[in-house]
Amino acid sequence: MTPLFRAFTRYFPDWLSVLMLSGVYAAMLVLIITLLIPPHTFGIIYLDIGR
Amino acid sequence: MTIAALFLFCSSLIGVAATILIKGNRGLDAMAIITLIAITLLSPISAGWLLGSSTIVVIAMRNSWAAHHRGATISTLAIALIAILFISRELDTVLWIGGAYFTLRHIHVLSEWWMGKIPAPLPIDYLRYQFFLPAIMAGPIHRMPHFERQCRRRRATALQFFSGAERVLIGFFSTVVLASWAVRRIATGTNTLLAEQPEFIRHWVESVFEWLHIYFSFSGFSAIAIGLALMCGLVLEENFRRPWAANNLIDFWSRWHMTLSNWCRDYVFRPVSAASRNALLGLVAAMLAMGFWHQANLYYLLWAFWQSLGIALTHMLRKYPLPLPESLARLLSWLSVPLWLSLTKPMVLFILNGAGL
């Protein structure tokens, strides 16, 4: 049980904790990837996908 | 986060995979080789510096003449290592990796050996300790006895792997989203709003955001390093322990960048205090070491005096408490921490500008 999952299960049922953990992981990953890759770094890739 | 930092992170992931696939110390030896390759590709001069200094330090400790002249050995090597660190700071055109951290690790091992607390390490053990990629770029300044204990006990489990990966994710979130994006955006907006305000107020507000930025980015980098180590099955020392919950300035410095604070306490504060029989002198010396470790200039000289003054005042208030109700005294003491820290920059710049420097 990871620390974040343990923190969730302390207050919520297991099934909800799993859902919340997935949501938190996904949100963090999306934000990190979006902000980590500035448009000028991979400009060509952005052009290819229509940005 | 720079491309160089991302390259080191990706190399660390390869190192983590190697330590999981190869059991025992050989996995960590593989990590050391990956470290050497990654640093050589990015900055050959840093790789040469790390390899050369590690080799000289470990050979010196194992030399029989040096074993009988420990004081002379540690003095010579410590002065040389610190001189090289300061010279490297002057050469801005070169990409330096990890010098500030591995120099302090060298001095830590030399000091422990000088005091007779640890025997001269084997070269392979020393290189394994110094060439641990996750801790190269931004610490923590982990201790060798602790690291060796962790290496002996190392068992990479699924729980440790996923707990470490979660820590890495949280570290990235702190560095990329909170520090580099959120705090910076709010700071830029606030600076625009305060453009007409007096310089002191602008510096004060800038200082608040700088502390927040340093906290989120540096604690994030530390979390990434600690998380990567945990994925390998190693528990490294923590660097931050909820510093904003500190109830006074002394408590704050025992929670903020703990591995550096502990280093300064053990290798600067204690020896200077013991030799001079003056704790205040030891405190100023420790704060100067901490300030000059960041950058050796007039700003950090005054920074060190300001922090020393804050800690000395905290000691005085502990000895002669103000006649206030306990809850109010505790609240004021807690508030004094961010107030004193955020006042560092405006006060130092005020003095420097006033003196025309």
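As the structure is a computational prediction, the values presented were derived from the model and not from experiment.

A.B. asks: Now, about the confidence of the model for chain A: what can you tell me, with residues and values included?
C.D. replies: Residues and elements named next belong to chain A. Confidence in the prediction for chain A averages 76 pLDDT; 71% of positions are at 70 or higher. Summarising per-element confidence for chain A, the mean pLDDT is lowest in helix α3 (residues 43-48) (46) and highest in helix α1 (residues 3-11) (88). This stretch, residues 43-51, has a pLDDT under 50; its non-local contacts, to residues over four places away or in other chains, come to 4 contacts.

A.B. asks: Which residues make up the packing of helix α3 (residues 44-62) of chain B against helix α5 (residues 70-90) of chain B, and what values go with them?
C.D. replies: Residue and element names in this part refer to chain B. Between α3 and α5, whose axes approach to 11 Å, the crossing angle comes to 170 degrees. When the axes of α3 and α5 are compared, the pair comes out roughly antiparallel. Each of W49, S53, I56, V57 and A60 in α3 lies in contact with α5, whose residues at this interface are T73, L77, L81, I84, L85 and S88. Considering only residue class, the contact of α3 with α5 consists of 8 nonpolar, 3 polar and no charged.

A.B. asks: Describe helix α15 (residues 326-342) of chain B, with residues and values.
C.D. replies: An α-helical segment advances 3.6 residues per turn. Residues three or four places apart therefore align on the same side. Residue and element names in this part refer to chain B. A rise of 1.5 Å per residue sets the reference length of α15, with its 17 residues, at 24 Å; its end C-alpha atoms lie 25 Å apart and thus fit the reference within 8%. Maximum bend of α15: about 30 degrees, positioned at S336, with proline P338 one to four residues after it. Inspection of α15 places V337, W340, L341 and S342 among the buried residues, and these make up the whole buried set. Close packing links the buried residues of α15 with α10 (199-232), α11 (249-253), α14 (298-319) and α16 (344-354).

A.B. asks: Can you explain the layout of surface pockets? Please cite residues and give values.
C.D. replies: All names here are of chain B. Empty space within the largest pocket amounts to approximately 1400 Å³. Taken together, 46 residues make up the lining of the largest pocket; nearest its centre are Y101, M137, F218, W293 and H294. Top contributing element to the lining of the largest pocket by residue count: α10, with 8 residues.

A.B. asks: Let's hear about the environment of L91(B): which residues, and what values?
C.D. replies: One can find L91(B) in the loop between α5 and α6 (99-114). C-alpha of L91(B) to C-alpha of A187(B): the two residues are 96 residues apart in sequence and 30 Å apart in space.

A.B. asks: Residue-level account of the pattern of salt bridges, with values.
C.D. replies: Residues and elements named next belong to chain B. Per the stated rule, a full pass over the model turns up 10 salt bridges over all chains. One salt bridge connects E238 with R167, and the closest N-O pair in it is separated by 3.0 Å. With E238 in the loop between α10 and α11 and R167 in helix α9 (residues 158-193), this pair connects stretches of sequence that are 71 residues apart. For E238, a relative accessible area of 33% translates into the label partly exposed. Ionic pairing is found between R265 and D266, a salt bridge with its closest N-O pair at 2.9 Å. For D266, a relative accessible area of 15% translates into the label buried. Taken together, the shared-partner salt bridges connect R143, R265, D266 and R270 into one network.

Rules of the game
Residues numbered from 1 in each chain as written. Chains lettered and ligands numbered in written order. Predicted model: local features only at pLDDT ≥ 70, side-chain atom pairs only at ≥ 80, totals over all residues. Heavy atoms only, no water. pLDDT = per-residue confidence, 0-100. Helix = DSSP H or I, 4+ residues; strand = E, 2+ residues; numbered from the N terminus. Contact = heavy atoms within 4.5 Å. Axes fitted to C-alpha atoms, helices over the stretch in contact; angles between N-to-C directions. Parallel < 35°, antiparallel > 145°, perpendicular 65-115°, else oblique. Nonpolar A, V, L, I, M, F, W, Y, C, P; charged D, E, K, R; others polar. Expected span 1.5 Å × (residues − 1). Bend = angle between axes of the 7 residues up to and from the residue. Buried < 20%, exposed > 50% of the residue type's maximum accessible area, 1.4 Å probe, protein only. 1 Å grid on protein atoms, 1.4 Å probe; cavity = no way out; pocket = protein on both sides within 12 Å on 5 of 7 lines; lining within 4 Å. Points joined across faces, edges and corners; volume = space filled by probe spheres on them. Salt bridge = Lys/Arg side-chain N within 4 Å of Asp/Glu carboxyl O.

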